[in-house]
Amino acid sequence: MLDKSYDPASFEGRLYAAWEASGAFSARPESPARPFAIVIPPPNVTGSLHIGHALNNTLQDILIRWRRMQGRDALWMPGTDHAGIATQMVVERLLAAEGLDRRRLGREAFLARVWEWKAQSGGTITRQLRRLGASLDWPRERFTMDEGLSEAVVEVFVRLHRDGLIYRDRRLVNWDPVFQTAISDLEVESREVKGSLWHLRYPVEGEPGRFLVVATTRPETLLGDTAVAVHPEDARFRDLIGRHVILPLVGRRIPVVADEHSDPEKGSGAVKITPAHDFDDFEVGRRHGLEMPSVLDADAKVTLAELRLSAVAGVADPAFTRSLEGLDRFEARARIVAELERLGLVEKIEPHTHMVPHGDRSGVPIEPRLTLQWYVDAKRLAGPAIRAVETGQTVFVPRQFENTYFAWMRDIQPWCVSRQLWWGHQIPAWYAPDGEVFVARSEAEAREQARARFGRDVPLERDPDVLDTWFSSALWPFSTLGWPRETPELAKYYPGDVLVTGFDIIFFWVARMMMMGIYCMGEVPFRTVCIHGLVRDERGQKMSKSKGNVMDPLELIEAYGADALRFAIAALNAPGRDIKLGRQRVEGYRAFCTKIWNAARFCGMNGIVPDPAFDPGRVETPLARWVLDAANRAVAEADAALEAFRFDEYAAACYRFAWGTFCDWFLEFAKPVLAGPDGPEKAEVKGAAQHVLGVLLRLLHPVMPFLTEEIWHRLGYGPEGSLIRAEWPKPVAVPGAAEARAELEWVVALVSEVRAVRAEMNVPPSVQVPIWLAGASGETLARAARWREILGRLARASEVAALSGEAPRGVAQAVVGEATVMLPLADVMVL
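Residues numbered from 1 in each chain as written. Predicted model: local features only at pLDDT ≥ 70, side-chain atom pairs only at ≥ 80, totals over all residues. Heavy atoms only, no water.

> Describe the packing of helix α2 (residues 51–69) against helix α19 (residues 562–572), naming the residues involved and giving the relevant values.
Axis separation between α2 and α19 bottoms out at 10 Å; the angle between their running directions is 85 degrees. Comparing their axes, α19 and α2 come out roughly perpendicular. Here α2 contributes Ile51, Ala54, Leu55, Thr58, Asp61, Ile62 and Arg65 to the contact with α19, which in turn contributes Leu565, Arg566, Ile569 and Ala570. By residue class, the composition of the contact of α2 with α19 is 7 nonpolar, 1 polar and 3 charged. (Axes fitted to C-alpha atoms, helices over the stretch in contact; angles between N-to-C directions. Helix = DSSP H or I, 4+ residues; strand = E, 2+ residues; numbered from the N terminus. Parallel < 35°, antiparallel > 145°, perpendicular 65-115°, else oblique. Contact = heavy atoms within 4.5 Å. Nonpolar A, V, L, I, M, F, W, Y, C, P; charged D, E, K, R; others polar.)

Quick look at the structure:
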């Protein structure tokens, strides 16, 4: 017997421990069953469960539990990402609290501290995923820095280099001056900054008193200007194209170039070109063959090492310019502007609000910086990945996100994969004294290459940089299965069936997995990419700590249970749209959990227990036939929804059937029979009830695993922990289903209409009134007679009869089928 109250905290932990201990989540590579494989988007090892994790992993768990119940050999591969910069930042902060820093500690000692931290604190997120109910195959858990995945990373790097797909180049990168490393676009966030737009005068060579005015938000980079660009169609500057201006403070002649990068409608129409400190300017510099001197170093301080200074009266004083050496960029900005004002080279200063890229972890403005880095030739790798989606080898759901994928992939740039960090996969490249590079799987192999090249042993120094975290993540679908070794898991579970992820990392992760999967395996890494939106608050606002609207999934689980949260997430997950999630939504689905619990408890109290001998094909009563047919339709709706990745429609089908059909109608219809004497009708109703409850528990299990598993074993459907591998329900043959459906749907419609009219007319629930039927067929009147007792109880009808004569005044009317339903309410309404 079930407890009187639904208390998820009393059984969720126990059930999960039992599942995990019994191996219920385990894939079986030796099984002949058809595989179904999903790899988890690996959360950062530093992370804690947030509401986005709850969304992503709930959807994956629904799919994996559903397919597992269908008899598929289901593998949900778990693991975490080493999260290079995030993890290094955490450990560096811990060291700072001890008065240490990584450089004083040294690389090996620092990495030992990181591994120590990982052993102590790195399992937080995986413990929290268990609270959510995620049925991952935990013994297979991988970590992007473990031995096997590290071997895969080295192997891919070596192969890419061998094939000319990875190389060193000097290009602009997003540089974080706090962490002293290049960072990816995903680690950059744009923040609105109230600044200024400085209009600066550059003297035109050979025309004293004439100036070309440029507008800039960054006067501190003026020192690195190598041209001024104007639009080729801008008549104001046509005579200056091909001529030169004098660069203030530096005294260098720089050309005026015609380039469409300059927008005549913005600023002054002329733009300073600083190729080493602006991404757009870098491209202009390449188009026009400009020099690219760097004037800010790794700390974002002024460096003049690459400049030639000249004295120009009233324009450039080398002594002043040299005084800027070593100044912070913002201090240098103030000094430069002051000097330009003194020289009369500031036309005007306007207030200007603009977006400035910041490091998402350091919180400081990033610097576009020209550095020597390792790059992957992403354009060559992108070709096959684009064709794979064009030809349907991989399909995006919803399909519109294929356009997002194509837009990025068709305009893809070289991928900078080196990072100036210590925590991560160290680049497998060694340098000889003359700078020649040897890329190899090990230092011994690199020494062999060097010996063959030079004819003797030479000292080699390993590249100190590590690889971008996204590089190892790009290998996740096959490296986790044992590649480059040929394993049974790799043979059976690659390619995976589905990847579930957010739209925000289609380029950073999905596209790169596609490129690397095809390159290394010759086949796409997954057949379907299921894209979901972001979780926002109930008003549609992005969640943030500053707004105070962040929802903690663990706190929601504590308050309402994991199943209520999971169901809310599924019910609100419309394809490709953001989810508006409020606490009241979760609370509402906690009430749904309670409804199912109470319905199951009612069944148990009325002797409704599993009956393996029950045969749905032999039922005779309309009520039993109707509910069995309704269960068939619910199963079909759930299957169709899950096949289409419509988690919202799956949840809606379950909700309609559980709350509406089973609880509100079937059990209410069944109460008189269950309370009556034993006999064939009662036995049949009880048989149908136990069968349909079993269907309902299995149908709901993927989204509500804890509640359904507890009811399943407590009511005797199977041992504890057995529902997770119970057979997914299938439709059963029901004789006379169409006739039963027509009859019971008529009763439901009649009761619903009468209730609606009574509520609208404010009739007290205790008051009974007649139901008169006008224009009713003989069949309808016969139905009314057969269901007289039910109509009296559920529709509060004192009688149900055909109307004879004219309808009296004060009668409320409604239409059900061919009949007009009349309720004499004039004397019972509460005004």
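Having seen it, we continue.
> Explain helix α5 (residues 107–121) residue by residue, including any values.
For α5, with 15 residues, the first-to-last C-alpha span of 21 Å sits near the 21 Å given by 1.5 Å per residue. Among the residues of α5, Arg107, Phe110, Val114 and Trp117 are the ones counted as buried. Mapping the buried residues of α5 onto a view down its axis gives an arc of 85 degrees, with all of them on the same face. Opposite the buried face of α5, at more than 90 degrees from it, the exposed residues are Glu108, Ala119 and Gln120. Lining the buried residues of α5 we find α3 (84–97), α4 (102–105) and β21 (466–467). (Expected span 1.5 Å × (residues − 1). Buried < 20%, exposed > 50% of the residue type's maximum accessible area, 1.4 Å probe, protein only. Arc of directions from axis to C-beta.)

> I'd like to hear about the sheet that holds strand β18 (residues 429–431), residue by residue, with values.
Taken in spatial order, the 3 strands make up an open sheet running β19-β18-β20, and their pairing is antiparallel. Each edge of the sheet is formed by a strand with only one pairing partner; in this case those strands are β19 (437–439) and β20 (461–462). Summarising the sheet, β18 and β19 pair through 3 bridges and their orientation is antiparallel. Opposite Ala429, over in β19, you have Val439 as the bridge partner. Helix α13 (residues 443–454) rests against β18 and β19 of the sheet, and its axis sits at about 135 degrees to β19. (Pairing = 2+ DSSP bridges.)

> Kindly report on the pairing of strand β7 (residues 188–203), identifying the contributing residues and their values.
Working note: regular strand, side chains alternate between the two faces of the sheet. Sheet topology places β7 next to strand β13 (residues 346–359); 13 bridges connect them, and they run antiparallel. Within β13, the position partnered with Ser190 by the bridge is Pro357. Alignment of β7 against strand β8 (residues 211–216), held across 6 bridges, turns out to be antiparallel. Looking at β8, one finds that His199 is bridged to Ala215.

> Could you give an account of the environment of Arg342, naming the residues involved and the relevant values?
Turning to its location among the elements, Arg342 is positioned in helix α10 (residues 329–342). For Arg342, a relative accessible area of 58% puts it in the exposed group. Expressed as a C-alpha distance, the spacing of Arg342 and Gly314, which sit 28 residues apart in the sequence, is 9.4 Å.

> Please give an account of empty space enclosed by the protein that cites residues and values.
Applying the stated criterion to the full structure yields 3 cavities of 30 Å³ or more. By volume, the largest cavity amounts to about 90 Å³. Along the walls of the largest cavity sit 15 residues, with Ala37, Val39, Pro477, Tyr493 and Gly496 positioned nearest its centre. At the level of secondary structure, the elements contributing two or more residues to the lining of the largest cavity comprise β1 (35–39), β2 (73–77) and β22 (496–502). Among the residues forming the lining of the largest cavity, the class breakdown is 14 nonpolar, 1 polar and no charged. Quantified by volume, the second largest cavity comes out at close to 40 Å³. (1 Å grid on protein atoms, 1.4 Å probe; cavity = no way out; pocket = protein on both sides within 12 Å on 5 of 7 lines; lining within 4 Å. Points joined across faces, edges and corners; volume = space filled by probe spheres on them.)

> Talk me through the pairing of strand β28 (residues 811–816); I want residue IDs and the actual numbers.
Summarising the sheet, β28 and strand β29 (residues 819–824) pair through 6 bridges and their orientation is antiparallel. Residue pairing across strands places Val816 opposite Ala819, the latter belonging to β29.

> I'd like to hear about the state of the cysteines, residue by residue, with values.
All chains considered together, the criterion is met by 0 disulfides. Left unpaired, Cys530 is separated from the closest cysteine sulfur, that of Cys654, by 17 Å. Overall, Cys530 belongs to the buried group, its relative accessible area being 4%. Cys663 supplies the cysteine sulfur nearest to Cys603, a cysteine that is in no disulfide, at a spacing of 8.2 Å. (Disulfide = S-S within 2.5 Å.)

> So what's going on with the layout of surface pockets? Residues and values would help.
Taken as a whole, the second largest pocket spans an internal volume of roughly 1,300 Å³. For the lining of the second largest pocket, the per-class residue count stands at 15 nonpolar, 16 polar and 12 charged.

> Go over the sheet that holds strand β26 (residues 769–774) with me, naming the residues and quoting the values.
In spatial order, the strands read β27-β26-β29-β28; together these 4 strands make up an open sheet with mixed pairing. Looking at which strands have only one partner, the edges of the open sheet turn out to be β27 (797–802) and β28. Averaged over all pairs of adjacent strands, the angle between strand axes in this sheet comes to 25 degrees, irrespective of strand direction.

> Go over the side chain of Ser418, please, and point to the residues and values.
Examined against the element boundaries, Ser418 turns out to sit in strand β17 (residues 418–419). Polar side-chain contacts of Ser418 include one of 2.5 Å to the side chain of Gln373. In this structure the side chain of Ser418 is engaged in a polar contact, spanning 2.9 Å, whose partner is the backbone nitrogen of Trp374. Once residues lying within four places of it in the same chain are set aside, the contact partners of Ser418 are Ala182, Gln373, Trp374, Ile427, Asp465 and Val466. (Polar contact = N/O pair within 3.5 Å; in protein donor to acceptor, adjacent residues only side chain to side chain.)

> So what's going on with the pattern of salt bridges? Which residues, and what values?
Counted by the stated rule, this structure contains 66 salt bridges. Linking Arg286 and Glu283 is a salt bridge whose minimum nitrogen-to-oxygen distance equals 3.5 Å. Here Arg286 and its partner Glu283 are both found in helix α8 (residues 279–288), 3 residues apart, which amounts to about one turn of the helix. Under the relative-accessibility criterion, Arg286 is labelled partly exposed at 46%. Between Glu367 and Arg329 there is a salt bridge; the shortest N-O distance is 2.9 Å. Pair noted here: Glu367 is in strand β14 (residues 367–376) and Arg329 is in helix α10, with a separation of 38 residues, a long-range link. Residues Glu367 and Arg329 agree in their burial class; the two are buried. (Salt bridge = Lys/Arg side-chain N within 4 Å of Asp/Glu carboxyl O.)

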